[in-house]
Amino acid sequence: MRRTLIIFKAVTKNWLRSRSGLFFSIMFPVLLLLVFGAVFGGGGTSTYSLFIQNLDVDGTPTPLSEGFIEALNSTETFAIRTIPGDVTDLRSYARDVLGPLGGNIRVLAISEGFQNDMLNGTLKVRVGISYSTLQTVYEYFEPFLNETERMAMQQGIDQMGQYNASLPDRKASLTLILDASDQSSGIVRSIVMSVANAFNYELMGARNIVNFEEEPFTERQLRTIDFYLPGVISAFIMTNGIIGVTTNTTEFKRRGIIKRLSITPLGKLEWILGNVLSQTLLNLMLTAIIIVVGWLAFNAQAIPDIFSIVFIFIGSVLFSGIGMVLSGLIKDVEAASAIGNAIAFPMMFLSGAYWPVEFMPDYMQTIAKALPLTYFSEGLRSAMIYKYTEGIIINMAIVSVLAAVFIIIGSLVTRWKEK
Amino acid sequence: MAKKVVEVSSLVKQYGDLRAVDGISFELYEGEVFAFLGPNGAGKTTTVEILECIRPLTSGSAKVFGYDVTKREDAKEIKKRIGVLPQDFSALDKLSVKENIDLIGGMYEKKLDTMEVIKLLDVEDKANERFENLSGGLKQRVGVAAALVNDPQLVFLDEPTTGLDPKARREVWSVMENLKKLGKTVFLTSHYMEEAQVLADRIAIINKGKIAVIGSSQDLISEYGGLKVLVVRKGGKEMAKTLQDRFGGTTLNHNGDVFVKADDVNEMWRVLSTLTEMNLTKEIEIQTPTIEDVFLKVVGGRITEEGELT
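A. A look at the layout of surface pockets. Residues and elements named next belong to chain A. Here the largest pocket is characterised by a volume of approximately 820 Å³. In this structure, the largest pocket is lined by 29 residues; those nearest its centre are Trp15, Ser20, Gly21, Gly244 and Asn248. Breaking the lining of the largest pocket down by element, the ones donating at least two residues are α1 (2-16), α2 (19-40), α8 (224-254), α10 (268-298) and α12 (333-350). When grouped by side-chain class, the residues that make up the lining of the largest pocket number 10 nonpolar, 15 polar and four charged.

In structure tokens:
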């Protein structure tokens, strides 16, 4: 144990004094968190530019068309700008005038007669509903009516039917022009449709039949940044192990440092354990810094507990073990670094560390299930954010088994004697 | 009779078809400096690493302090008692000299005070300097300090001056001379003839895995070094002819220098008398054979600065 601690101290000191080591192990993850947090989880509301041409103007815009634009505006999702009414070819205008302004092109055209068509359409729907309701009532009560009552009712229903048929069958028209390459086009389309549907229901006097309520999974109010934070921590614990340990150990081997130590009474397991402890400390430091940055910059909610610390230790063993396996099998430092990167980077993006696995196509989800980082990031997220005991236990069990397997293979392939 | 520290008998190390060490036998005695002299690939490092218990042998036997290098428990005892400066010694770049020596020292149950070792190697002023900032010579001195930190009875120095400039090489030699004064038994490997001749009590010339000759440098030179040579600078053709006629074994180089080989001291005096008779006014010198001549004689080639056999 004494020798293990001496190795731990020396390797840690050597790493702490290495600028490139510090950058890639600590600074790079922090920068990535800041970028991710600012783009996806900073807490602000995203706004999308939307150009609207309102052709339903009678001197001034009609109340319903104006109301529709107001409704869109009240979602606080759009930065609305106006397209003059004399523009006839909206596509050319979008390409030639809006295109050079930069950003994605989103154009909504409110057609002439929007208000009239909406009112007429509403009247036609309402009359139609009344007509079919009366018919249903008539069919139900017919056996209980005398001939006079029956004829009077039939006559009223027929007159209502005729009136409904006389109403014009026109619908108010909205045209949304979106760029197919615009990743936010789905969101924009959904919001415009939601507002249009709200108008439909309101004008028809419909009440909500299905009541919809949303409740948070946890008692705390979690945001996107809270999803990213454990993801960034787990991803970089993985890269520190797979890239960091592989590269450092191969470099120590190339320079004969491991050989020099092997001539002393130091044992192979003491060497490996010293390195694992050093990785654990590094990863705890990384976690602490990431959490503090998350708190300060984004008011993140992550709270590390004893499970998180145990998880970080087991994760450090697992990924150091993988690093030891690679450095035991690869002699060349550059090849070790390249192979470490080739394993770590795809794993980082395929494992669900940065986005939910459910977002990925089926075949990618299958790949994700085979990656150790999937279980590590899920477990760490369960421990730090969701406090979901079952998720912690299952993932911890999987990560522990993998850690044991890789550390055993790592110690077998680490050469403590020349051939 | 000094105590045997290392006993090697019929040692063989085979890599596939290559026999790196081919049945060598030798002993090392307490307090001596023993040198393995040979070109790259001769089997020097392989032999040393077998004795350091980090490379298995194929056949034969090797014992250090009476412990068998092939036995796990014996290897632990050997490792406690030896100090090693490996070929191309390196240490943790970002740690200081003191921290690196502390690291190696920390691996042993008993160790010397690190600063004491640093003083011994005369690197006190660099104690807090990072290893990466040291010159090649200083790095080797740190390596020797690390080899001494457990106060070993036997020190292996594997090619300690390879790649160093002449000044740094001299510095390392001075360190090695101090080891002898400290009473350490030293096993040195080198491809530098002068190094082996200056530092070693006994030399084993090794080539292609076999020991060609073994003995003190004086004995080897006497036995294999050949004749002493008297050189007359710018003596010219006429003198060369006269000396050739009287003594034989005379040659002339393109500078006009005359070389006369003398079988023994008496013959040397006779040559000098003849030169006196000839009213010699030229510069003369007597060249004695070196270990390089021994090497040339027993191996049939020379070793380049890079350690290659030509």
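B. Fine view of the sheet that holds strand β6 (residues 174-178) of chain A. All names here are of chain A. Across the sheet, four strands lie side by side as β4-β1-β5-β6; this open sheet has mixed pairing. Each edge of the open sheet is held by one strand with a lone partner, namely β4 (78-82) and β6. Neighbour to neighbour, the strand axes of the sheet diverge by 25 degrees on average, direction disregarded. Bridge count between strand β1 (residues 48-54) and β4: five bridges; the pairing is parallel. Among the inter-strand pairings, isoleucine 52 is bridged to a residue of β4, identified as threonine 82. Where helix α3 (residues 63-74) meets the sheet, it contacts β1, β4, β5 (106-110) and β6, and its direction lies at approximately 180 degrees from that of β1. Across the sheet, helix α4 (residues 90-98) is in contact with β1, β5 and β6; its angle to β5 comes to roughly 145 degrees.

C. Representation of the confidence of the model for chain B. Across chain B, the average pLDDT comes to 90, with 100% of residues at or above 70. The ipTM assigned to the predicted complex is 0.83, against a pTM of 0.75.

D. Here's a closer look at the sheet that holds strand β4 (residues 59-64) of chain B. Residues and elements named next belong to chain B. Read from one edge of the open sheet, four strands run β2-β1-β4-β5, paired in antiparallel fashion. Each edge of the sheet is formed by a strand with only one pairing partner; in this case those strands are β2 (18-29) and β5 (67-68). Judged from the two bridges that link them, β4 and β5 form a sheet pairing that is antiparallel. When the bridges of β5 are listed, lysine 63 appears paired with aspartate 68. Running over the sheet, helix α1 (residues 44-51) touches β1 (4-15), β2 and β4 and is turned about 120 degrees from β1.

E. Structural detail: the environment of Gln197(B). Residues and elements named next belong to chain B. Summarising the element assignment, glutamine 197 is placed in helix α7 (residues 193-199). Between the C-alpha atom of glutamine 197 and that of valine 144, which follows or precedes it by 53 residues, the distance is 20 Å. Other than its neighbours up to four places away in sequence, glutamine 197 contacts Ile203, Ser217, Ile221, Thr290 and Ile291. One polar contact links the side chain of glutamine 197 to the main-chain amide nitrogen of isoleucine 291, over a distance of 3.1 Å.

F. Focus on the packing of aromatic side chains. All names here are of chain A. Within the structure shown, the criterion is met by 25 aromatic pairs over all chains. Ring geometry for phenylalanine 311 and phenylalanine 376: centres 5.7 Å apart, planes at 40 degrees, overall tilted. Remark: phenylalanine 376 occurs in helix α14 (residues 372-386) and phenylalanine 311 occurs in helix α11 (residues 306-329); sequence separation between them is 65 residues. Taken individually, phenylalanine 311 and phenylalanine 376 each receive the classification buried, so the pair is uniform in this respect. Each residue in the set Phe36, Phe227, Tyr228, Phe349, Tyr354 and Trp355 is aromatic and connected to the rest through ring pairs, giving one cluster.

G. Just helix α6 (residues 166-181) of chain B, in detail. Residues and elements named next belong to chain B. For α6, which comprises 16 residues, the first-to-last C-alpha distance of 23 Å matches the rise-based estimate of 22 Å (1.5 Å per residue) to within 8%. The elements touched by buried residues of α6 are α5 (136-148), β7 (154-158), β8 (185-190) and α7. Between a side-chain oxygen at the N-terminus of α6 and the backbone nitrogen of lysine 167 the separation is 3.1 Å; the capping residue is aspartate 165. Glycine 183 occupies a position one or two residues after α6 and carries a positive phi of about 85 degrees.

Definitions and limits used
Residues numbered from 1 in each chain as written. Chains lettered and ligands numbered in written order. Predicted model: local features only at pLDDT ≥ 70, side-chain atom pairs only at ≥ 80, totals over all residues. Heavy atoms only, no water. 1 Å grid on protein atoms, 1.4 Å probe; cavity = no way out; pocket = protein on both sides within 12 Å on 5 of 7 lines; lining within 4 Å. Points joined across faces, edges and corners; volume = space filled by probe spheres on them. Helix = DSSP H or I, 4+ residues; strand = E, 2+ residues; numbered from the N terminus. Nonpolar A, V, L, I, M, F, W, Y, C, P; charged D, E, K, R; others polar. Pairing = 2+ DSSP bridges. Axes fitted to C-alpha atoms, helices over the stretch in contact; angles between N-to-C directions. Contact = heavy atoms within 4.5 Å. pLDDT = per-residue confidence, 0-100. Polar contact = N/O pair within 3.5 Å; in protein donor to acceptor, adjacent residues only side chain to side chain. Phe/Tyr/Trp six-rings, centres within 6.5 Å; stacked < 30°, edge-to-face > 60°. Buried < 20%, exposed > 50% of the residue type's maximum accessible area, 1.4 Å probe, protein only. Expected span 1.5 Å × (residues − 1).

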